[in-house]
Amino acid sequence: MLTLTNVYKTFNKGTINEKKALNGLDLHLEDGDFVTIIGGNGAGKSTMLNMIAGVYPIDCGKITIEDKDAQSGVEKVINLSRMPEYKRAAYIGRVFQDPMKGTAAGMEIEENLALAYRRSKSRGLKWALTRSYRWGITKKEKELYYEKLKTLGLGLEERMTSKVGLLSGGQRQALTLLMATLEKPKLLLLDEHTAALDPKTAKTVLDLTGRIVNENHLTAMMVTHNMKDAIRLGNRLIMMHEGRIIYDVSGEEKKNLHVSDLLTKFEEVSGGEFANDRMMLS
Amino acid sequence: MGNIGALFQALPGAVSQGVLWGIMVLGVYITFKILDIADLTVDGSFALGGCVCALLVVEKGRGPVEALLMATLAGFIAGAVTGILHTLCDIPAILAGILTQIALWSINLRVMGKSNTPLLKVDTIFSKLVAVSGMPQSTVAMVTGIVIAVLLILFLYWLFGTELGCTLRATGNNEDMIRALGRNTKTAKLIALAISNALVGLSGALVCQSQKYADIGMGTGAIVIGLAAIVIGDVLFGWVRSFGSKLMAAVVGSVVYFVIRAIVLWLGMDANDMKLISAIIVALALCIPVFINKWRNYHSYSEEGPTC
């Protein structure tokens, strides 16, 4: 489905602040994979997601995604490596860490949903001048939004013409999640999307995430700092360190993981590094 | 201070001026309110509209309506230049606007070939309509201005309800989000800047035809007038919610601004002080809500808990 081949990214190249964020990253996702990603700060988790989404260009390597052609139904490989961010959005849905980032505060809930509903729709002048939103969202669309909002269980379906700025962080994050999946994406990227929420809301949003991903059979990648969540959710877990994947586990083996296993793994990595440092000094 | 009769005599002219400048305010509204950018191109593109209009009507002998259209096109291009500097070259919006504005100063001089052009002996849309209707110039200017403004408001109301328009609104709201939803924010900004300055150029040409001269300095401070009008409109009509009414409020704000200006002049103040007064109006209108809020917060504090 998604393939990253030998991806490198260095920030501030050639300066004293040089930071190798991705260091020859290889990753392959199968259709329907729900991957949780853990790793220390600066391991390259967010960078990886940002590279896939196209926020920054990669230095070298290749990112491809497989997509069915809408007409012929033939699977084809699309090279995302140098595609601008807004074009990749046709394949990728995203939820950010910052609840403010995923929705437009000054616009109504239904307007936000309408924008999201047209994420992968065709472009062009005729499309651009088609009237929609607010004065022209069809009744059928409104019903769809109503039903979808209802599934969140937050009562937002009764407030469809409220400005999104009036919602709480948790409500906005749930809405963003709905927006990212309203038009089924090939790939869903979740970048610590519950990190800014209180524990109870975080759990609600996380459960919702699991449900939406399962119900729609989405392929998803979720960065988290919570190891329990990383084990509980998804069918595959990867651990990153210094811009590489150092641990990749799936299926039964993943189900049987414990937090202590992951911690041991972490220590192994940093311990190994410590040993290397000793060797260099001696 | 003159007598009150003189003030009443000055009012129709002030109102008509307010309406014609109101079209520029609509342009400023697009960038300042919707896109959340202070676009300083406006000073240049307003004068550009006037200069292009004067050149066509006086030197080239073209019709006044054609001159209006060409001025609109010139403004569109000026806005597009700012847009390209901002989006393609990643220059901050304010700086991109300043660059275009300063470049337009020289361009405007080149266009006219001198620093001002009178339109005394040529037909303008206003002189033609005066001849047809027999109404006084200021009434004709006001009615024409209102008709054009209403048409433009209808156009903008339509535009900002389209897919493109909503992309523009969302771009001003949250750029990251709308890019993640697959819209090209750079194109959106470029289009918005171009349309905004097209309106400004049109307004410049209309003002040029109504005052019967074009001047290289006619756009100086236009952005401040635009902001003042928007702010006045906001204060007077803060309660309106629909987009169309908000645009209307901006035009009314412009009329109120020019009426205030007429009163200030009638009070015997120097016309050159008007820029200072404009700046004070904008500054006051922007900071009064802030201070009211702070004052309220400060005074609603009570140590004993809720008093209600």
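Residues numbered from 1 in each chain as written. Chains lettered and ligands numbered in written order. Predicted model: local features only at pLDDT ≥ 70, side-chain atom pairs only at ≥ 80, totals over all residues. Heavy atoms only, no water.

A. Broad picture of the overall build of chain B. In terms of helices and strands, chain B carries twelve helices and two strands. Reading chain B from its N terminus to its C terminus gives the helix and strand order α-α-α-α-β-α-α-α-α-α-β-α-α-α. The dimensions of chain B, computed from C-alpha atoms along their principal axes, are 75 × 55 × 30 Å. Burial statistics for chain B: of 308 residues in total, 50% are counted as buried. Of the contacts formed within chain B by residues at least 6 apart in sequence, a portion of 79% connects residues at least 24 apart. Carbon and sulfur atoms form 68% of the exposed surface of chain B, whose accessible area is close to 14000 Å². (Helix = DSSP H or I, 4+ residues; strand = E, 2+ residues; numbered from the N terminus. Buried < 20%, exposed > 50% of the residue type's maximum accessible area, 1.4 Å probe, protein only. Contact = heavy atoms within 4.5 Å. Areas by Shrake-Rupley, 256 points an atom, 1.4 Å probe, with all protein chains shown as cover.)

B. Fine view of helix α10 (residues 222–236) of chain B. Residue and element names in this part refer to chain B. An ideal rise of 1.5 Å per residue puts 21 Å on 15 residues; α10 measures up with 21 Å between its terminal C-alpha atoms. With respect to burial, α10 is a largely interior element, eleven of its 15 residues being buried. By the burial criterion, the buried members of α10 are A222, I223, I225, G226, L227, A228, A229, I230, V231, I232 and G233. On its buried side, α10 packs onto α1 (4–34), α2 (41–59), α11 (243–266) and α12 (274–299). (Expected span 1.5 Å × (residues − 1).)

C. Summary view of the nonpolar core. In terms of nonpolar packing, the biggest core is built from 76 residues, with B:W21, B:M24, B:L26, B:F46, B:F160, B:L206 and B:Y257 touching the most fellow members. One finds A:A114, A:L190, A:L218 and B:I178 within the second-largest nonpolar core, a separate group that totals 39 residues. (Core = buried A, V, L, I, M, F, W, Y, C linked by side-chain atoms within 4.5 Å.)

D. Region of the structure containing the environment of B:A6. Residue and element names in this part refer to chain B. Inspection of the secondary structure puts A6 in helix α1. Given a relative accessible area of 31%, A6 falls into the partly exposed group. With 260 residues separating them in the primary sequence, A6 and W266 have C-alpha atoms 7.6 Å apart.

E. Structural view of the sheet that holds strand β7 (residues 187–191) of chain A. All names here are of chain A. Taken in spatial order, the six strands of this open sheet run β6-β7-β8-β3-β9-β10, and their pairing is mixed. With one partner strand each, in any of the chains shown, β6 (92–95) and β10 (244–250) form the two edges of the open sheet. Each strand of the sheet is rotated relative to its neighbour by a mean of 20 degrees, with strand direction disregarded. Alignment of strand β3 (residues 34–39) against strand β9 (residues 236–241), held across five bridges, turns out to be parallel. Across the sheet, the residue bridging to T36 is L237, located in β9. Its contacts with the sheet place helix α6 (residues 169–182) against β6 and β7, and it is angled at close to 175 degrees to β6. (Pairing = 2+ DSSP bridges. Axes fitted to C-alpha atoms, helices over the stretch in contact; angles between N-to-C directions.)

F. Structural view of the domain arrangement of chain A. Residue and element names in this part refer to chain A. Split by domain assignment, chain A resolves into domain 1 (2–103 + 183–281) and domain 2 (106–166). The interface is formed by eleven residues belonging to domain 1 together with nine residues belonging to domain 2. Remark: the boundary between domain 1 and domain 2 carries zero salt bridges. Going through the elements one at a time, β6 and α7 (199–215) are the ones with two or more residues in the side of domain 1 that touches domain 2. Grouping the amino acids of the side of domain 1 that touches domain 2 by side-chain chemistry returns six nonpolar, two polar and three charged. (Domains from an automatic or database assignment. Salt bridge = Lys/Arg side-chain N within 4 Å of Asp/Glu carboxyl O. Nonpolar A, V, L, I, M, F, W, Y, C, P; charged D, E, K, R; others polar.)

G. Layout of the packing of aromatic side chains. Tallying each qualifying case throughout the model produces eight aromatic pairs over all chains. Aromatic side chains A:Y117 and A:Y145 sit 6.0 Å apart centroid to centroid with 80 degrees between the ring planes, which places their arrangement in the edge-to-face category. Note that A:Y117 is positioned in helix α3 (residues 109–117) and A:Y145 in helix α5 (residues 139–152), a separation of 28 residues in sequence. On the basis of relative accessibility, which here comes to 0%, the residue A:Y145 falls in the buried class. Geometrically, the ring pair formed by B:Y257 and B:F258 is edge-to-face, given 5.2 Å between the ring centres and 80 degrees between the ring planes. Taken together, B:W21, B:F46, B:Y257 and B:F258 form an aromatic cluster joined through their ring pairs. (Phe/Tyr/Trp six-rings, centres within 6.5 Å; stacked < 30°, edge-to-face > 60°.)

H. Broad picture of the packing of α3(A) against α5(A). All names here are of chain A. Interaxial distance between α3 and α5 falls to 11 Å at its minimum, and their mutual angle equals 105 degrees. Relative to α5, α3 is oriented roughly perpendicular. Facing I109, E110, L113, A114 and Y117 of α3, the residues of α5 in contact are E141, K142, L144, Y145 and L149. Taken together, the residues of the contact of α3 with α5 sort by class into seven nonpolar, no polar and three charged. (Parallel < 35°, antiparallel > 145°, perpendicular 65-115°, else oblique.)

I. Here's a closer look at the interface of chain B and chain A. Contact with chain B, which involves 24 residues of that partner, is made by 33 residues of chain A. When residues of chain B are sorted by the area they lose upon contact with chain A, B:E163, B:M177 and B:L181 head the list and together hold 23% of the total. Viewed at the interface, chain A and chain B are joined by three salt bridges. B:R179 is the salt-bridge partner of A:E85, the closest N and O atoms lying 3.2 Å from each other. At the boundary of chain B with chain A, the tally comes to ten residue pairs in polar contact (both at pLDDT 80 or more). Mapped by element, the contributors of at least two residues to the side of chain B that touches chain A are α6 (137–159), α7 (163–173) and α8 (175–180) of chain B. (Buried area = accessible area lost by both parts, 1.4 Å probe. Polar contact = N/O pair within 3.5 Å; in protein donor to acceptor, adjacent residues only side chain to side chain.)

J. Structural view of the pairing of β7(A). Residue and element names in this part refer to chain A. Taken across its five residues, β7 has five buried, putting it largely inside the fold. Neither face of β7 is open: one carries L187, L189 and D191, the other L188 and L190, and all of them are buried. Note: β6 against β7, four bridges, orientation parallel. Considered in β7, the bridge of I92 is made with L187.

K. Summary view of α5(A). For α5(A), which comprises 14 residues, the first-to-last C-alpha distance of 20 Å matches the rise-based estimate of 20 Å (1.5 Å per residue) to within 8%. Of the residues one or two after α5(A), A:G153 is the one with positive phi, at around 70 degrees.

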